[in-house]
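Results of the structural survey
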Amino acid sequence: MASTRIDSASYSRGVDGKQVDAGPSAPDGGAAEAGLTTGALARRLGVSPTTLRSWERRYGIGPAERVAGRHRRWSPRDVAVLETMCRLTSAGLAPAEAARAARNEFAAGGPEPPAAQDEETTGGPAPVRSTTVAAPPLGDVRQECRGLARAAVRLDAPTVEERLAAAVAGFGLVHAWQEVMVPTLHAVGRRWATSGDRYVEVEHLLSWHVSTTLRRHTPPPVASAGPTTASPVLLACVPGEQHTLPLEALNAGLSQLGIATRMFGAAVPAEALAAAVRRLGPAAVVLWAQARSTASLPLAQHIAATEWGVKGARSRPLVLLGGPGWAGRPSHGMLRPTSLPQALDALAVACGEPGRER
């Protein structure tokens, strides 16, 4: 199974490659002036004031009117152009192309935007929603990853939800996990780690919405039909392990195949895990370890050796070791799938299911 360790491949921070930070906001000026200050608009879009000034220099997107000696104010139309640009970059367009398209849309008489209001009036920053711009075809997964990452950097939860839903609808759950969710999680984490900036809130928001999307596409458990019902697959993180997203993806994939599962989640104590195996008699047990420090080979061997059933016809579970923590460890007959499709194939065979759809 693919790991969700947030530490590989890099991508541009923000839509213009600049640092995305809270930044100081500009003074609000006179209350009678119309429009948003630069600081208020930056908070609304989830970027820094420096980024707004960079966009103006690079792409010619700035306040239409200026008054000498006064702080700049962004009119409702200025705000609408920037929001359109942000929606387009979330859909995967390059910043320069998105800025040009946004300018052209409103130059051609695009829809009149609602009046812009300061955060003090609205009660907080307004979300950027993809309501007027259609997403591009889902053929380019790199474009999908870029759009999803940019939305996450802006903490634009509605667009993150939309991009994840579009990926699942276009690719199917397994490929959306492999090709869009995991690479974006990796890219976000590696960028922050290599830059020295810890934007933990971006990682948490993206992880939360990935988890929500996975659970939304997990069919509910089917009630047992009797004693002949196939044994379930037990999914658990080893003690001390908190990374559950790969197991959530596997749980969703198995459920879509009609394979019964029991998800135990993060950091399952060794004693509880052993007791669950004895009680359930699972067809297979998946143990996830993100780090070598949590990957306990003695525990895995103990689970693999657990037996149940009448004497002479005892059964043992198939044990799958998932995650980078098991790398380089001897498996002793236990399986080490390296991707979600491999894990699904192995578990379908273990549970006596026909080959899964590719």
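Fair warning: this is a prediction, and the values are worked out from it, not measured in the lab.

About the thresholds
- Residues numbered from 1 in each chain as written.
- Predicted model: local features only at pLDDT ≥ 70, side-chain atom pairs only at ≥ 80, totals over all residues.
- Heavy atoms only, no water.
- Helix = DSSP H or I, 4+ residues; strand = E, 2+ residues; numbered from the N terminus.
- Buried < 20%, exposed > 50% of the residue type's maximum accessible area, 1.4 Å probe, protein only.
- Pairing = 2+ DSSP bridges.
- Axes fitted to C-alpha atoms, helices over the stretch in contact; angles between N-to-C directions.
- Contact = heavy atoms within 4.5 Å.
- Salt bridge = Lys/Arg side-chain N within 4 Å of Asp/Glu carboxyl O.
- pLDDT = per-residue confidence, 0-100.
- Polar contact = N/O pair within 3.5 Å; in protein donor to acceptor, adjacent residues only side chain to side chain.
- Core = buried A, V, L, I, M, F, W, Y, C linked by side-chain atoms within 4.5 Å.
- Expected span 1.5 Å × (residues − 1).

**Section: the overall build of the protein chain**
In terms of helices and strands, the protein chain carries 13 helices and six strands. In the protein chain, buried positions account for 48% of the 358 residues.

**Here's the deal with the sheet that holds strand β6 (residues 318–322)**
What the four strands build is an open sheet, ordered β4-β3-β5-β6; its pairing is parallel. Since the sheet does not close on itself, it has two edges, and those belong to β4 (261–265) and β6, each with one partner. The average angle at which neighbouring strand axes cross in this sheet is 15 degrees, direction not considered. As paired elements, strand β3 (residues 233–237) and β4 share four bridges and run parallel to each other. Bridge pairing links Val-233 to Thr-261 in β4. Against the sheet, helix α10 (residues 245–256) makes contact with β3, β4 and β5 (284–288), and its axis sits at roughly 165 degrees relative to β3, the strand it touches most. Docked against the sheet, helix α11 (residues 270–280) engages β3, β4 and β5, running at close to 175 degrees with respect to β3.

**Let's talk about the pattern of salt bridges**
By the definition in use, this model includes five salt bridges. Here Arg-163 makes a salt bridge to Glu-144, at a shortest N to O gap of 2.7 Å. One end of the pair, Arg-163, is in helix α7 (residues 157–171); the other, Glu-144, is in helix α6 (residues 141–153), and 19 residues separate them in sequence. Of the two residues examined, Arg-163 and Glu-144, each falls in the buried class. Glu-248 is the salt-bridge partner of Arg-215, the closest N and O atoms lying 3.5 Å from each other. Of the two residues, Arg-215 sits in helix α9 (residues 200–216) while Glu-248 sits in helix α10, which places them 33 residues apart along the sequence. Arg-215 gets classed as exposed once you look at its relative accessible area, which sits at 58%. The exposure class of Glu-248 is buried, given its relative accessible area of 7%.

**As for the confidence of the model for the protein chain**
Looking at the protein chain as a whole, the pLDDT averages 75, with 71% of positions reaching at least 70. The low-confidence segment residues 111–139, where pLDDT is below 50, has 63 contacts with residues more than four positions distant or belonging to other chains.

**Digging into the side chain of Thr-38**
As for its placement among the helices and strands, Thr-38 is situated in helix α1 (residues 38–45). Owing to a relative accessible area of 6%, Thr-38 belongs among the buried residues under this scheme. Among the polar contacts made by the side chain of Thr-38, one reaches the side chain of Trp-74 at a distance of 3.1 Å.

**Things to note about the nonpolar core**
Judged by nonpolar contacts, the single largest core of 44 residues is most densely connected at Trp-177, Val-210, Val-233 and Leu-250. Secondary structure elements with two or more residues in this core: α6, α7, α8 (173–195), α9, β3, α10, β5 and α13 (340–350). When sequence neighbours within four positions are dropped, the list of residues in contact with Val-233 reads Leu-254, Ile-259, Ala-260, Thr-261, Arg-262, Ala-284, Val-286, Leu-347 and Cys-351. In this structure, Leu-52, Tyr-59, Cys-86 and Leu-88 belong to the second largest nonpolar core, which totals 22 residues.

**So, the environment of His-175**
Mapping His-175 onto the fold places it in helix α8. The partly exposed category is assigned to His-175, whose relative accessible area is 41%. For the pair His-175 and Pro-341, spaced 166 residues apart in sequence, the C-alpha separation works out to 8.7 Å.

**Here's the deal with the environment of Leu-257**
Considering the arrangement of structural elements, one finds Leu-257 in the loop between α10 and β4. The class of Leu-257 is partly exposed, set by a relative accessible area of 30%. For the pair Leu-257 and Ala-348, spaced 91 residues apart in sequence, the C-alpha to C-alpha distance is 8.2 Å.

**Let's talk about α10**
Relative to the 16 Å expected for 12 residues at 1.5 Å per residue, α10 spans 17 Å between its end C-alpha atoms, a close match to the ideal helical length. Among the 12 residues that make up α10, 11 are buried, leaving the element largely enclosed by the rest of the structure. Note on α10: the residue one or two positions beyond its end, Gly-258, has a positive phi of about 80 degrees.

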